[in-house]
Amino acid sequence: MTKRTRYFVMGSVGFMAVALTVGLAAYYGGIRGFAEPAGPDELNYVAADAAVVAYANVADLMKSDFRQQIKALEPADQEQGQAELKNTLGIDIERDIQYVVACMLASPTIDGGSAKNGYVVARGTFNRPLIEAFIREKGGIERTYKDKTMFVHQGGAVNPATGTADEMGITFISNEVVALGTATALQKVIDVQGDASLGVRSNGEVMKMIEGVASGNAWVVGRFDVLSKQANLPPAVQSQMPQLTWFSATGHVNGGVAGTVTVEARDEEAAKNLRAVVGGFIGLAKMQAASKPELNALAQSINLNADSGTTVSVSFTVPSAAIEALKAASGVVQKQPKPAPESKPQTQPK
C-alpha cells in the first residue's frame, strides 16, 4: 500500500478505528429493547448476504467503568493518535461515535473467490465537509451511485479474479451515518436503502443467530465457512472448519466483562468431540491458574455450559476485581494526570 493510499484510508476510516482497535471484547455494546426488531437500527444498512455481522455501541462502552479502568493503561502514543484524529478530521472518538456495525459478505465465496468483501457502518457526529475535503486532498476520486457520492481509491489487495487492486471507498448515507468498505460492497449499502428486501432482516438464518445474542450488549455472529475463506486462518484450523457451521459471541461490558461464546457443529458427534476438546482446555487453564491469584478468579469463571445436540457454548466473567489484580500483578503504574505548572512568585513592587 502506497503512502498516498494510507493517507486516504486514514482519512476515510478515522471513525472506524474505534471498532477495530479494541476488538470484540472491549468495545461492543448496547442493544435496544425487544419491542423493536432484533438488533440495532444499523442492521438496516446490512446486506442480505452478510455472513458475519458484528455490532458495537461505542457510546455506552466509552462511559463504562471497564473503559475507565482500561484507559488508565493505554500508552501515551494512543492519546496522541486520538488528538491527531480530532485535529485533522474533527472526530473525538470518546464522544462523537454512537455505534458501529460491521459485516463480511458471503458473495466473494459463491464463485470460489478469496477476495475479502465487506464494510463498516458508523453512526455519530461528523464534520462532513472537513472529512470530504481531507479525502479529496489525499487522492479520493468522487463517483455517484444512485444519488449518493462515493469516494474511492485503489488501495486493497489484488483480486485474483480481476488482476487489479480492490477499490476501497467511503460514502455518507446521511450526515450522521458513514459507510466504509470495498466499493462494490458500498453499492449494496446504498441499494438496501431503496429496497428493504435486500437487507439482512430478510435473511432468516442470520437473524435467528442475532436474536440469540441480542440480550447482551456485545455481540458478533457469523458463518464459519465464509470466515475460514476470508480470514486467512492457518491450514490446521481450516481443516476443522467443515465440522462447524455457525458461531456467535455475546456479552456485557460495564464494571467488568461477562460473555458467552457459542458454536454450532455440523452434527451431534462433532459437537460431542468439540465439548471434549474445549472441556480439556478449560480444565488445564484452571489448573495452571490455581497458583496465580490474579488469574484464578478469571479462570474459575470460565464454564463449559451443559448444552445438548449440536450446540457448544462457553461462558466467562471478568470481574472488576480481577482487572485490578491483573494490573497489580503486572506492575503497571496507572497514568497520573499531569501536575499543574508551578506558579512563579510575584515580585513585590519596591
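What counts, and where the lines are drawn
Residues numbered from 1 in each chain as written. Predicted model: local features only at pLDDT ≥ 70, side-chain atom pairs only at ≥ 80, totals over all residues. Heavy atoms only, no water. Buried < 20%, exposed > 50% of the residue type's maximum accessible area, 1.4 Å probe, protein only. Helix = DSSP H or I, 4+ residues; strand = E, 2+ residues; numbered from the N terminus. Pairing = 2+ DSSP bridges. Core = buried A, V, L, I, M, F, W, Y, C linked by side-chain atoms within 4.5 Å. Contact = heavy atoms within 4.5 Å. Salt bridge = Lys/Arg side-chain N within 4 Å of Asp/Glu carboxyl O. Expected span 1.5 Å × (residues − 1). Arc of directions from axis to C-beta. Polar contact = N/O pair within 3.5 Å; in protein donor to acceptor, adjacent residues only side chain to side chain. pLDDT = per-residue confidence, 0-100. Phe/Tyr/Trp six-rings, centres within 6.5 Å; stacked < 30°, edge-to-face > 60°.

Give me the lowdown on the pairing of strand β1 (residues 50-56), citing residues and values where you can.
Summarising burial for β1: 7 of the 7 residues are buried, a large majority. Bridge count for β1 against strand β2 (residues 97-105) is 6 bridges, and the pairing is antiparallel. Considered in β2, the bridge of Val52 is made with Met104.

How would you explain the nonpolar core if you had to name every residue and give the values?
Core analysis: the biggest nonpolar cluster contains 33 residues, and Leu43, Val46, Val53, Tyr119, Trp219 and Val221 have the highest contact counts within it. Counting only elements with at least two residues in this core, the list comes to β1, β2, β3 (118-124), β5 (148-158), β7 (177-182), α8 (183-194), α9 (204-213) and β8 (218-223). The biggest single contributor to this core is α8, with 6 residues. Apart from residues lying up to four places away in sequence, Tyr119 is in contact with Tyr45, Val46, Ala47, Val101, Ala102, Cys103, Leu105, Leu180, Gly181, Ala185, Leu186 and Val189. Ranked by size, the runner-up nonpolar core spans 20 residues in total, among them Val58, Leu89, Val120 and Phe126.

Please give an account of the pattern of salt bridges that cites residues and values.
Considering all chains together, one arrives at 9 salt bridges under this definition. As a salt-bridge pair, Lys188 and Asp49 come within 2.7 Å of each other at their nearest N and O atoms. Of this pair, Lys188 sits in helix α8 while Asp49 is found in the loop between α2 (17-27) and β1, placing the two residues 139 residues apart along the sequence. Between Glu132 and Arg128 there is a salt bridge, with its nearest N and O atoms 3.0 Å apart. Here Arg128 and Glu132 lie together in helix α7 (residues 128-137), a separation of 4 residues that amounts to about one turn. Among the residues examined, Glu132 registers a relative accessible area of 12% and is labelled buried. Linked by salt bridges that have partners in common, Arg128, Glu132, Arg136 and Glu142 make up one network.

Tell me about the environment of Val226, and please be specific about residues and values.
Note that Val226 resides in helix α10 (residues 224-230). For the pair formed by Val226 and Val52, sequence separation is 174 residues and the distance between their alpha carbons is 7.9 Å.

Account for helix α12 (residues 268-289), with residues named and values stated.
Across its 22 residues, α12 extends 31 Å between first and last C-alpha, which sits within 8% of the 32 Å expected from 1.5 Å per residue. Those residues of α12 that fall on the buried side of the exposure criterion are Ala270, Ala271, Arg275, Ile282 and Ala289. Buried residues along α12 cover an arc of 130° about the axis, so they all sit on one side. The exposed set on the far side of α12, more than 90 degrees from its buried face, consists of Lys272, Ala276, Met287 and Gln288. You can read the cap of α12 off the contacts: a side-chain oxygen lies 3.3 Å from the backbone nitrogen of Glu269, and it is on Asp267.

Would you mind going over the confidence of the model for the protein in detail, with residue names and values included?
Model confidence for the protein is summarised by a mean pLDDT of 75, while 67% of its residues fall at 70 or above. Contacts of residues 1-36 to residues separated by more than four positions or lying in other chains number 90 contacts, the stretch itself having pLDDT below 50. A low-confidence stretch, residues 334-341 stays under pLDDT 50, and its non-local contacts, those more than four residues away or across chains, total 8 contacts.

Provide a residue-level description of the packing of aromatic side chains, including the pertinent values.
The final tally for this structure, using the stated rule, is 4 aromatic pairs. Summarising the aromatic geometry, the rings of Tyr55 and Tyr99 are spaced 5.8 Å apart at their centres and angled 55° between planes, so their arrangement reads as tilted. With Tyr55 in strand β1 and Tyr99 in strand β2, the pair connects residues that are 44 residues apart, well separated along the chain. As far as the burial class goes, Tyr55 and Tyr99 line up, both buried. Ring centres of Phe126 and Phe172 lie 6.4 Å apart, and the angle between their planes is 75°; on these two criteria the pair is classed as edge-to-face. On the criterion of sequence distance, the pair formed by Phe126 in the loop between β3 and α7 and Phe172 in strand β6 (residues 165-174) is long-range, its members being 46 residues apart. Here Phe126 matches Phe172 in class, with each residue buried. In textbook terms, an aromatic cluster arises when at least three aromatic residues are bridged by ring pairs, as seen for Tyr55, Tyr99 and Trp219.

Help me get a handle on unusual backbone geometry, residues and values and all.
With phi around 50°, Lys146 is a residue other than glycine that occupies positive phi space. For Asp147, which is not glycine, the phi dihedral falls at a positive 70°. You can see Asp147 is positioned in the loop between β4 (141-145) and β5. Owing to a relative accessible area of 67%, Asp147 belongs among the exposed residues under this scheme.

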